[in-house]
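Fold and contact review
Here are the chains, one letter per residue:
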Amino acid sequence: MVEKKSKAKESAPDGEAELPALPATSWAVLGLLSFGEELSGYDLKKWSDWSLRFFYWSPSFSQIYSELKRLEKAGFATSRMVAQETGSRDKRVYRITGEGMDAVRRWAREAPVDPPVLKHGPMLRIWLGHLLEPEQLREVLARHREFAETMRLRAEVDIEGARSEAAWAYPTLTLKWAERYYRSERDLVDGMLADIEELENGTRP
């Protein structure tokens, strides 16, 4: 995933340092650390798969470790090695610093919010529907419907699992948004299939 960095050095209020120009991935990883837990790269990957993937993306392990190095260099995170109880090799865990907490709080409050960019594979195939056989187009939509319903159910399960964690109140709201979004995608497929049937019957949708 290629990311644009945040606009270089956001202007800061009087007396405050400017925010560094970091990619959104850095702020997302720092945001995961902002909940106060001391986390390994594996933990961060697990947490991002549990929440970020529903509305943004799920970074790879290499992306996470790259961003952790960047955050340490910026002074926004620290790390240490801890021994494993199971006897396996030691692992490195990361914690947000006070400077990092101030930075991610300011970024969340002050940085411009980019509008979502829709890159919708099934819609692109519908746009090229004149090049496909009708059954191919229906198969594309059927697979997308299955994907949307699978994601909706996963979000629903994760919502229930997060209810007991007070610190995850706002991430739980994003999971609710995700459940509604994928439900709407599922229903949009049903509507599109009806539109295609009307088109094939000689009436325009």
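Fair warning: this is a prediction, and the values are worked out from it, not measured in the lab. (Residues numbered from 1 in each chain as written. Predicted model: local features only at pLDDT ≥ 70, side-chain atom pairs only at ≥ 80, totals over all residues. Heavy atoms only, no water.)

Notes on the overall build of the protein
Summing up its helical and strand segments, the protein has seven helices and three strands in all. The secondary structure elements of the protein, listed N-terminal to C-terminal, are α-β-α-α-β-β-α-α-α-α. Within the protein, residue pairs in contact and separated by at least 24 positions form 54% of the contacts whose partners lie at least 6 positions apart. As presented, the protein carries roughly 13600 Å² of accessible surface, and 54% of it is formed by carbon and sulfur atoms. (Helix = DSSP H or I, 4+ residues; strand = E, 2+ residues; numbered from the N terminus. Contact = heavy atoms within 4.5 Å. Areas by Shrake-Rupley, 256 points an atom, 1.4 Å probe, with all protein chains shown as cover.)

Focus on the nonpolar core
Ranked by internal contacts, the top residues of the largest apolar core, which has 23 residues, are Trp-27, Leu-30, Leu-33, Leu-44, Leu-68, Leu-71 and Phe-76. The leading source of residues in this core is helix 1 (residues 24-33), at six residues. With residues near it in sequence (within four places) discarded, Leu-68 still touches Val-29, Leu-33, Gly-41, Leu-44 and Tyr-94. Within the second largest apolar cluster, eight residues are counted, among which are Met-151, Ile-159, Leu-175 and Ala-178. (Core = buried A, V, L, I, M, F, W, Y, C linked by side-chain atoms within 4.5 Å. Buried < 20%, exposed > 50% of the residue type's maximum accessible area, 1.4 Å probe, protein only.)

Details of helix 1
Most of helix 1 sits inside the fold, with ten of its ten residues counted as buried. Burial in helix 1 covers these residues: Ala-24, Thr-25, Ser-26, Trp-27, Ala-28, Val-29, Leu-30, Gly-31, Leu-32 and Leu-33. Of the surrounding elements, those touching the buried residues of helix 1 are strand 1 (39-40), helix 2 (41-50), helix 3 (61-74), strand 2 (77-82), strand 3 (91-96) and helix 4 (98-110).

Some remarks on the side chain of His-120
With respect to the helices and strands, His-120 occurs in the loop between helix 4 and helix 5 (121-127). Judged by its relative accessible area of 16%, His-120 is buried. In this structure His-120 touches His-144 and Glu-185, once residues within four positions along its chain are discounted.

Quick look at the sheet that holds strand 2
One open sheet holds the three strands; their spatial order is 1-3-2, and the pairing between them is antiparallel. Sheet topology places strand 1 and strand 2 at the edges, where each strand pairs with a single neighbour. (Pairing = 2+ DSSP bridges.)

Describing the packing of helix 6 (residues 134-162) against helix 7 (residues 169-200)
Contact pair helix 6 / helix 7: the axes reach a minimum separation of 8 Å and the direction vectors enclose 160°. One way to sum up the angle between helix 6 and helix 7 is to call them roughly antiparallel. Regarding helix 6 and helix 7, the two cross each other, and that crossing is left-handed. In terms of residue class, the contact of helix 6 with helix 7 is made up of 16 nonpolar, two polar and 13 charged. (Axes fitted to C-alpha atoms, helices over the stretch in contact; angles between N-to-C directions. Parallel < 35°, antiparallel > 145°, perpendicular 65-115°, else oblique. Left-handed = near helix turned anticlockwise from the far one by under 90°. Nonpolar A, V, L, I, M, F, W, Y, C, P; charged D, E, K, R; others polar.)

Here's the deal with the pairing of strand 3
Pairing geometry for strand 1 and strand 3, over two bridges, is antiparallel. In the strand pairing of strand 3, Ser-40 is matched with Val-93. Here strand 2 pairs with strand 3 via six bridges, running antiparallel. Across the sheet, residue Thr-78 finds its bridge partner in strand 3, namely Arg-95.

Some remarks on the confidence of the model for the protein
For the protein, mean pLDDT is 89; residues scoring 70 or higher make up 90% of the total. This model gives residues 1-10 a pLDDT under 50, and the stretch forms 25 contacts once residues within four places in sequence are excluded. (pLDDT = per-residue confidence, 0-100.)

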